[in-house]
Amino acid sequence: MAYIEASNLSKSFASGVVTRHVLERVSISVARGEFVSIVGFMGCGKSTLINILSGVIAADTGEVRVDGCPTTGVNPRASIVFQNYSLLPWFSALENVRLAVNAAKPEWSRAEQRAQAERYLTLVGLGNAMHLRPNQLSGGMRQRVAIARAFATEPELLFLDEPFGALDALTRANLQHELTRLSSDTGRTVTTVMISNNLDEALLLSDRIIPMTRGPRATLGAPVVVDLPRPRSAEQLLHDEPAIRARTRIVEALTDHVHAANARHAQTRARAAVVPPPLVPADSREADA
Amino acid sequence: MVGIVLAGVVWWVASVYVTDLPSPVETWDESRVYIMDPWAKRGEMDQGIARLASYSLVRVARGFLLGIAIGTPLGFLLGVSVTAHRMFDPVIQVLRPISPLAWLPLGLVLFQKSEPAALFAIAVCSMWPTVLNTMSGVRAIPQDYWNVAKVLRLSRLTTFTKVVLPATLPYMFTGFRLSLGIAWLVIVASEMLTGTPGVGGFLWQEYNSLIYSHILLAILTIGVVGFLLDRMMGVAEARLRAL
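Residues numbered from 1 in each chain as written. Chains lettered and ligands numbered in written order. Predicted model: local features only at pLDDT ≥ 70, side-chain atom pairs only at ≥ 80, totals over all residues.

Student: Break down the interface of chain B and chain A for me, citing the residues and quoting the values.
Tutor: The interface is formed by 14 residues belonging to chain B together with 11 residues belonging to chain A. Looking at the side of chain B that touches chain A, the elements that each hand over two or more residues are helix H7 (143-151) and helix H8 (156-194) of chain B. Ranked by residues supplied to the side of chain B that touches chain A, first place goes to H7 of chain B with six residues. Among the residues forming the side of chain B that touches chain A, the class breakdown is eight nonpolar, two polar and four charged. (Contact = placed C-beta atoms within 7 Å. Helix = DSSP H or I, 4+ residues; strand = E, 2+ residues; numbered from the N terminus. Nonpolar A, V, L, I, M, F, W, Y, C, P; charged D, E, K, R; others polar.)

Student: Explain unusual backbone geometry residue by residue, including any values.
Tutor: Residue and element names in this part refer to chain A. Phi at Asp67 is positive, roughly 55°, even though this residue is not glycine. Tracing the backbone shows Asp67 in the loop between strand S4 (61-66) and strand S5 (69-70). With phi around 50°, Glu154 is a residue other than glycine that occupies positive phi space. Along the chain, Glu154 falls in the loop between helix H4 (139-152) and strand S7 (157-161). Take Glu154: there are 16 C-beta atoms within 10 Å of it, and that puts it in the partly exposed class. (Buried ≥ 20, exposed ≤ 12 C-beta atoms within 10 Å, placed from the backbone.)

Student: Report on the sheet that holds S7 of chain A, specifying residues and quantitative values.
Tutor: All names here are of chain A. Spatially, S6-S7-S8-S3-S9-S10 is the arrangement adopted by the six strands of the open sheet, whose pairing is mixed. Each edge of the sheet is formed by a strand with only one pairing partner; in this case those strands are strand S6 (78-81) and strand S10 (224-225). Inspection of the sheet shows strand S3 (residues 35-39) paired to strand S8 (residues 191-196) by five bridges, in the parallel sense. When the bridges of S8 are listed, Val39 appears paired with Ser196. (Pairing = 2+ DSSP bridges.)

Student: Before we move on, can you summarise helix H10 (residues 212-242) of chain B with the specific residues and values?
Tutor: An α-helical segment advances 3.6 residues per turn. Residues three or four places apart therefore align on the same side. Residues and elements named next belong to chain B. The terminal C-alpha atoms of H10, which comprises 31 residues, lie 45 Å apart, in line with the 45 Å expected from a rise of 1.5 Å per residue. Restricting attention to buried positions, one finds in H10 the residues His214, Ile215, Leu216, Leu217, Ala218, Thr221 and Val225. Structurally, H10 contributes buried residues whose contacts are with helix H2 (24-36), helix H3 (49-80) and helix H9 (199-208). (Expected span 1.5 Å × (residues − 1).)

Student: Describe the sheet that holds strand S1 (residues 4-15) of chain A, listing the residues and the values that go with them.
Tutor: Residue and element names in this part refer to chain A. An order of S2-S1-S4-S5 is seen for the four strands of this open sheet, with the pairing classed as antiparallel. Strand pairing shows two members of the sheet lacking a second neighbour, strand S2 (18-30) and S5, which therefore form its edges. Alignment of S1 against S4, held across five bridges, turns out to be antiparallel. Its bridge partner being in S4, Ala6 is matched across the sheet by Val64.

Student: A description of the confidence of the model for chain B should follow, citing residues and the corresponding values.
Tutor: Considering every residue of chain B, the mean pLDDT works out to 88; 100% of them sit at 70 or more. Confidence metrics for the complex model read pTM 0.77 and ipTM 0.76. (pLDDT = per-residue confidence, 0-100.)

Student: Quick one: what's the story with the nonpolar core, residue by residue and with numbers?
Tutor: Within the largest apolar cluster, 129 residues are counted, with the highest numbers of intra-cluster contacts made by Leu53, Val97, Ala148 and Phe159 of chain A together with Ala121, Ile122 and Ala183 of chain B. The element contributing the most residues to this core is H8 of chain B, with 16 residues. Leaving out residues up to four positions away in the same chain, Phe159 of chain A has contacts with Ile50, Leu53, Ser54, Ala78, Ile80 and Val193 of chain A. (Core = buried A, V, L, I, M, F, W, Y, C linked by C-beta atoms within 7 Å.)

And the structure:
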């Protein structure tokens with residue numbers, strides 16, 4: 001039995017008379033302790049999917065089971081890291097993390113809560129910047145705070161919504177490294193679902209990668225297992241023979257899936273295009289012929 | 001500075017052509033006693049200008065506090081609840097443009113005394129900017145912050161104190177600033193109608209006594225005090241935004 005089991009998730013958003021079908025009958029299962037990445041293009045509905053999986057928004061149909069139990073609302077054992085950090089600008093880094101610890105561990109004393117927040121901020125290398133506010137921190141540092149906040153609540157489930165999407169390549173690499181280190185250092189089993197548009201990032205971190213087609217009516221493709229030894233490094237992914245093979249295989253799987261989906265889309269579009277009558281007057285068409 | 005001098009010149013030229021309008025110099029001569037001895041108390045209305053202004057200020061402060069005490073929670077309610085907004089928005093739009101001169105008689109009917117009637121008029125006229133700004137402040141809270149509250153599973157109270165209130169505070173303060181401005185506008189009208197001691201009451205009494213220079217003194221006082229109030233709120237607002 002998978003730890004996270006989501007079946008037949010559909011979601012559409014209505015704005016006025018237009019209804020956008022974002023997800024259609026999406027199913028996914030994630031084993032306990034697994035790191036799964038969902039990779040797809042921008043705007044394909046990835047964020048909607050992770051918001052449903054984490055319980056931030058509700059699906060129209062289908063259900064999400066965690067550890068066998070159907071979930072409603074945000075799971076108390078889950079933490080979420082957003083692409084845009086989502087720190088509260090009126091609080092310092094420490095206060096942001098403390099707020100999360102306070103909500104997750106109300107039975108702890110204030111001192112314990114504070115110590116926990118400080119410990120995790122130190123773990124992500126912000127020991128000296130704890131009292132700064134988000135607007136005094138760089139993008140990378142803000143995301144570190146967000147990651148510290150997510151881990152400080154000691155989650156069993158971690159949802160990462162393009163966590164490094166807004167960062168430059170170097171900062172990205174640093175933080176990816178720290179994420180793996182943090183997961184192993186804390187020594188707890190964390191099941192992680194990450195949304196990404198970066199294949200290298202997914203390869204570096206994941207046990208499995210699932211491609212997602214372009215929306216509307218986005219669906220998931222067949223998962224690709226990343227059977228590379230850990231710890232992995234970015235250099236190794238570029239140079240090692242097995243890593244390159246794995247990469248090629250995954251790229252092929254992703255593009256095949258996406259192409260197939262695009263072809264289906266093109267067909268539906270072509271069929272739709274036949275229906276409206278031509279705008280050219282009938283007599284001029286005869287003249288052309 | 002040049003602008004002030006120019007305005008003075010316009011005033012002086014106007015006073016040459018309009019017989020009843022005292023010139024700046026005449027106004028100064030006749031008002032000197034009120035300005036040089038600002039805290040004097042010679043009679044009910046015959047008091048130093050600072051003392052008169054302080055009566056008005058206290059009245060404004062009470063009416064304003066009453067107004068924001070009602071307006072702020074109302075603004076939060078309208079910002080959070082779509083239903084409440086649908087219900088009350090038409091009411092607000094109808095009540096908002098009503099002049100203090102219209103509210104005051106109603107206040108007198110309701111409370112039978114001039115002082116509570118004045119407070120009522122000030123509160124009811126000045127609260128709208130606070131209501132509307134607080135409301136739009138709550139509505140302008142980015143979805144991100146609501147998500148934070150949701151993801152951290154903050155309690156309602158914590159969500160309010162740690163997320164909604166700090167996010168809305170700058171908007172609220174803009175509302176307070178506008179409300180205070182209106183409260184100060186209303187004070188004069190209400191004092192004129194009720195004849196209570198204060199800058200507005202003084203103005204009306206001097207008009208009835210045909211001492212026109214004192215009208216000008218009262219007008220200038222109202223302007224300067226209003227300006228200072230707005231500046232104070234402006235500074236407080238800027239401090240708040242810098243947080």
